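# Analysis of the macromolecular model
One letter stands for each residue in the lines below.
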Amino acid sequence: MFNKSGEMEDAVLKELEPLPQISIWTSVSCCFAMAILYVGSLYVWGTKHNRDRDHPSTIKRRFASVSVVMGLASLFVYFFSSEELLKRENFPVLLGLRWPGLWQAALIPYALTTLLFLGPIYVNIQNESIRSYLDLDYWRGSFNSIIWLRNLVMAPLSEEFVFRACMMPLILQSCSPLMAVFITPLFFGVAHLHHIAERLSLGVKLSTALLIGLFQFSYTTLFGFYSAFLFARTGHLIAPFLVHAFCNHMGLPDLQDLWQQDLWRRIIAIVLYIIGFIGWMFLLPYATAPYLYDNTLYWNV
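Definitions and limits used
Numbers given for residues are sequential positions, taken from 1 along each chain in its written order. Residues qualify for local features only when their pLDDT is at least 70, as the model is predicted, and side-chain atom pairs are given and counted only at 80 or more; totals for whole chains, interfaces and linings, by contrast, use all residues. Note that the side-chain values use all heavy atoms of the structure and ignore hydrogens as well as water. By definition, any uninterrupted DSSP run of H or I lasting at least four residues is a helix, any uninterrupted run of E lasting at least two residues is a strand, and each is numbered from the N terminus. A simple rule labels every residue: compare its accessible area, found with a 1.4 Å probe on the protein chains alone, to the largest value its type can have, and call it buried under 20%, exposed over 50%, or partly exposed in between. Throughout, a residue-residue contact means that at least one pair of heavy atoms, one from each residue, lies within 4.5 Å. In this description, accessible areas are obtained by the Shrake-Rupley approach with a 1.4 Å probe, and a residue is regarded as covered only by the protein chains that are shown. We define the nonpolar core as a collection of buried residues of types Ala, Val, Leu, Ile, Met, Phe, Trp, Tyr and Cys that are connected through side-chain atoms lying within 4.5 Å of one another. Between 30 and 60 degrees the pair is tilted, below 30 it is stacked and above 60 it is edge-to-face, where a pair is any two Phe, Tyr or Trp rings, Trp via its six-membered ring, whose centres lie within 6.5 Å. Definition used: whenever NZ (Lys) or CZ (Arg) falls within 6 Å of the ring centre and also within 35 degrees of the ring normal, the charge is taken to sit over that ring. Should a side-chain nitrogen of Lys or Arg be within 4 Å of a carboxyl oxygen of Asp or Glu, the pair is scored as a salt bridge. Bend is the name given here to the angle between axes fitted to two runs of seven residues, the run ending at a residue and the run starting at it.

## Quick notes on the overall build of the chain
In terms of regular secondary structure, the chain is built from 15 helices and zero strands. For the chain, buried positions account for 45% of its 301 residues. For the chain, long-range pairs separated by at least 24 residues make up 80% of all intrachain contacts whose partners lie at least 6 apart in sequence. Put simply, the chain shows about 16,400 Å² of open surface, and 70% of that area lies on carbon and sulfur atoms.

## Comments concerning the nonpolar core
Residues Met34, Phe161, Val162, Phe163, Met168 and Tyr226 are the most contacted members of the largest nonpolar core, which totals 58 residues. Of all the secondary structure elements, the ones that give two or more residues to this core are helix 2 (24-43), helix 3 (56-80), helix 5 (91-94), helix 9 (146-171), helix 10 (177-191), helix 12 (206-234), helix 13 (238-250) and helix 15 (263-287). Here this core gets 10 residues from one element, more than from any other, and that element is helix 9. In contact with methionine 34, not counting residues within four places along its chain, are Ala73, Phe76, Val162, Cys166, Met167 and Leu170. Ranked by size, the runner-up nonpolar core spans six residues in total, among them Val123, Leu258, Leu272 and Tyr273.

## Notes on the packing of aromatic side chains
All told, the structure shown has 20 aromatic pairs when counted by the stated rule. When the ring of tryptophan 139 is compared with that of phenylalanine 143, the centres are 6.5 Å apart and the planes differ by 35°; the resulting orientation is tilted. With a gap of four residues between them, tryptophan 139 and phenylalanine 143 both fall in helix 8 (residues 136-143), about one helical turn apart. Grouping aromatic residues by their ring pairs yields a cluster made of Tyr133, Tyr138, Trp139, Phe143 and Trp148. Above the plane of the ring of tyrosine 43 lies arginine 62, whose end atom (NZ or CZ) is 5.1 Å from the centre. The ring of phenylalanine 188 carries the charged tip of arginine 164 above its face, separated from the ring centre by 4.4 Å.

## Considering unusual backbone geometry
In most cases, non-glycine residues show a negative phi, while peptide bonds are predominantly trans. Non-glycine residue aspartate 294 carries a positive phi angle of around 55°. Here aspartate 294 lies in the segment after helix 15. Taking relative accessible area as the criterion, aspartate 294 reaches 47% and is therefore assigned partly exposed.

## Focus on the pattern of salt bridges
Scanning all chains against the criterion turns up five salt bridges. Put simply, aspartate 54 and arginine 150 hold a salt bridge, and the shortest N to O gap is 2.8 Å. Placement of aspartate 54 in the loop between helix 2 and helix 3 and of arginine 150 in helix 9 is noted, with a sequence separation of 96 residues between them. Notably, a salt bridge pairs arginine 164 with glutamate 160, separated by 2.8 Å at the nearest N-O pair. On the criterion of helical spacing, the pair formed by arginine 164 and glutamate 160 is a turn pair, its members being four residues apart in helix 9. Within the structure, one salt-bridge network assembled from shared partners comprises Arg53, Asp54 and Arg150.

## What to know about helix 9
The largest bend in helix 9 amounts to roughly 35° and is located at methionine 154, with the proline proline 156 lying one to four residues further along. Counting buried positions along helix 9 gives 21 out of 26 residues, so the element sits mostly inside the fold.

Below you can see the structure in the form of structure tokens.
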């Protein structure tokens, strides 16, 4: 009886073991290199269509190059992680690829994010755009659209894999989970500044391109905080991937569309905006509790 109790205690202590540590310079340098590789892969193709990010030729080439970067990014995790950690955990687990807690990670954070968008969803229903989701032709057209596949599949998947599944395991070996959540989104935000150069090449004024770029950096960094938090709390890649795809689909709230609603619908929408945000804030720590996802690796605090 005593031996069994001792074994159980040893198992619990092993589960709650802190991550082995690596140098902060190592982890930050690896993340910086991965960010450079990711952005560079978008411009490695010297084609006449490279300026137009929506041209099918450009999108297909970028699909290929970011796929290569995803493979390279996983090698950074493998070669620069602590040997002790690699012996202790299966490598796919470090990248958030595991079975325990998978369905919870797919559903709960997605539902939580839907709550955050309660107001915009209500406005979409009033505009009857929600009906298109029940139309089979809508989904056929979407899956046949390479721009749709980029925005809702490849971009979220590749960005979450590189900037969360590969960067977070390294930063978490150098910093506390909360510190890691605040560090890695900076790489994600800066990586989106390349759009400034794209706009300049299309003839957009420098001041306008900088203003749009700064705004984009702000909201991508804010989303990065949320996405990194989801990865660290759930220990799953699927959670930030699905949330990222959903946010790309919804876009930023259209306040002009909100204001064009009649008075009572506008009031209801504003109330739902507030309820959604407050509800999301209140439920965030409970809906992302690591025990729900069997996550004892990345949030031992």
